[in-house]
Amino acid sequence: MALVALGVSGGIGAYKAVGVARGLQKRGHDVVAVMTRSARRFVGEVTFEPITRRRVITTQWSPGANADIEHISLATDISLLLVAPATANIIGKFAGGIADEFLSALYLATRAPVLMAPAMNTNMLEHPAVQANLATLGPRGVRSVDPGAGYLACGWVGKGRLAEPDDIVEAADRILKPNGALLGRLV
């Protein structure tokens, strides 16, 4: 059906991204995982490769991957860039146009729709810098799935946990279907 680039950034919710990949596949989509260096501290490439049946992209500098400038060719091929979890760091990079690793370079290079599922500590999520970055991305067409509220990895209870994989998959699928949601938050 569609090729989805699943960006996984470095938060505890990275383990849920495996469920997102599987859910997208169950709906007929092909998935390629793109992991930041920090994401690999939470979950490994070997977790995603058997699920996606593709090499996990972790760097712009892999030998043999530069013949067709991989971040440009992937940016052209995908139907959706989905980032789950989207940490404060990756949200800031997207808002600031910083392309210092594969995922942020892919974001700048693609013209495909972008969907983020923010996940972080409540105080981080509510920080004016993060809120300003999210507000910057909305008018640029970046859609988001609201984080859930509940028990967080840090032991706090509040808003900031990664949305459930089924909710993220449903939001992605709506974008990928003809006449999908066009603006704003999806869940």
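What you see is a predicted model, and the numbers here were worked out from it, not measured in a lab.

## Here we look at unusual backbone geometry
Only a minority of non-glycine residues have a phi that is not negative, and only a minority of peptide bonds are not trans.
Phase 1 of the analysis: The linkage connecting A84 with the following residue, P85, adopts the cis geometry, with an omega of 0°.
Phase 2 of the analysis: By the element assignment, P85 lies in strand β3 (residues 80-86).
Phase 3 of the analysis: In this structure, R53 takes a positive phi of about 60° despite not being glycine.
Phase 4 of the analysis: Position of R53 among the secondary structure elements: in the loop between α2 (45-52) and α3 (70-77).
Phase 5 of the analysis: Its relative accessible area of 72% is what places R53 among the exposed residues.

## With respect to the nonpolar core
Phase 1 of the analysis: In this structure, L6, F48, L82 and I168 are the most contacted members of the largest nonpolar core, which totals 33 residues.
Phase 2 of the analysis: Elements with a contribution of two residues or more to this core: β1 (3-8), α1 (17-26), β2 (30-35), α2, β3, β4 (114-118) and α8 (165-176).
Phase 3 of the analysis: Top element by residues in this core is α8. It accounts for six residues.
Phase 4 of the analysis: Once you skip the residues sitting within four places of it in the chain, L6 turns out to touch A17, V20, A21, V31, V32, A33, V34, F48, L82 and A84.
Phase 5 of the analysis: I57, L74, A86 and M116 belong to the second largest nonpolar core, which has 29 residues in total.

## Considerations on the pattern of salt bridges
Phase 1 of the analysis: Considering all chains together, one arrives at 10 salt bridges under this definition.
Phase 2 of the analysis: In this structure, R174 engages E170 in a salt bridge whose closest nitrogen and oxygen atoms are separated by 3.8 Å. With R174 and E170 both in helix α8, this residue pair falls four residues apart, about one helical turn.
Phase 3 of the analysis: Taking the relative accessible area as the measure of exposure, R174 reaches 29% and is therefore partly exposed.
Phase 4 of the analysis: Residue class for E170 comes out partly exposed when judged on its relative accessible area of 31%.

## A look at the environment of M35
Phase 1 of the analysis: Along the chain, M35 falls in strand β2.
Phase 2 of the analysis: Looking at M35, the relative accessible area reads 2%, which means it is buried.
Phase 3 of the analysis: Apart from the residues within four sequence positions on either side, M35 is in contact with V8, R40, V43, G44, E45, F48, V56, I57 and T58.

## Section: a nonpolar patch on the surface
Phase 1 of the analysis: A cluster of nonpolar side chains, namely I12, Y15 and F42, defines an oily patch on the protein surface of about 340 Å² accessible area.
Phase 2 of the analysis: Inspection of the secondary structure puts I12 in the loop between β1 and α1.

## Here we look at the packing of helix α4 (residues 88-96) against helix α7 (residues 128-137)
Phase 1 of the analysis: Interhelical geometry of α4 versus α7 gives an angle of 45° and a closest axis separation of 9 Å. Judged by the inter-axis angle, α4 sits oblique to α7. Where α4 crosses over α7, the two elements pack in a sense that is left-handed. On α7, the residues that touch A88, I91, G92, F94 and A95 of α4 are V130, N133, L134, T136 and L137.
Phase 2 of the analysis: Here the residues of the contact of α4 with α7 are counted per class, giving seven nonpolar, three polar and no charged.

Reading the values: rules and limits
- Residues numbered from 1 in each chain as written.
- Predicted model: local features only at pLDDT ≥ 70, side-chain atom pairs only at ≥ 80, totals over all residues.
- Heavy atoms only, no water.
- Helix = DSSP H or I, 4+ residues; strand = E, 2+ residues; numbered from the N terminus.
- Buried < 20%, exposed > 50% of the residue type's maximum accessible area, 1.4 Å probe, protein only.
- Core = buried A, V, L, I, M, F, W, Y, C linked by side-chain atoms within 4.5 Å.
- Contact = heavy atoms within 4.5 Å.
- Salt bridge = Lys/Arg side-chain N within 4 Å of Asp/Glu carboxyl O.
- Patch = residues over 30% accessible without salt bridge, like charges linked within 9 Å, V, L, I, M, F, W, Y side chains within 5 Å.
- Areas by Shrake-Rupley, 256 points an atom, 1.4 Å probe, with all protein chains shown as cover.
- Axes fitted to C-alpha atoms, helices over the stretch in contact; angles between N-to-C directions.
- Parallel < 35°, antiparallel > 145°, perpendicular 65-115°, else oblique.
- Left-handed = near helix turned anticlockwise from the far one by under 90°.
- Nonpolar A, V, L, I, M, F, W, Y, C, P; charged D, E, K, R; others polar.

In short, shape yes, function no, at least from these values alone.
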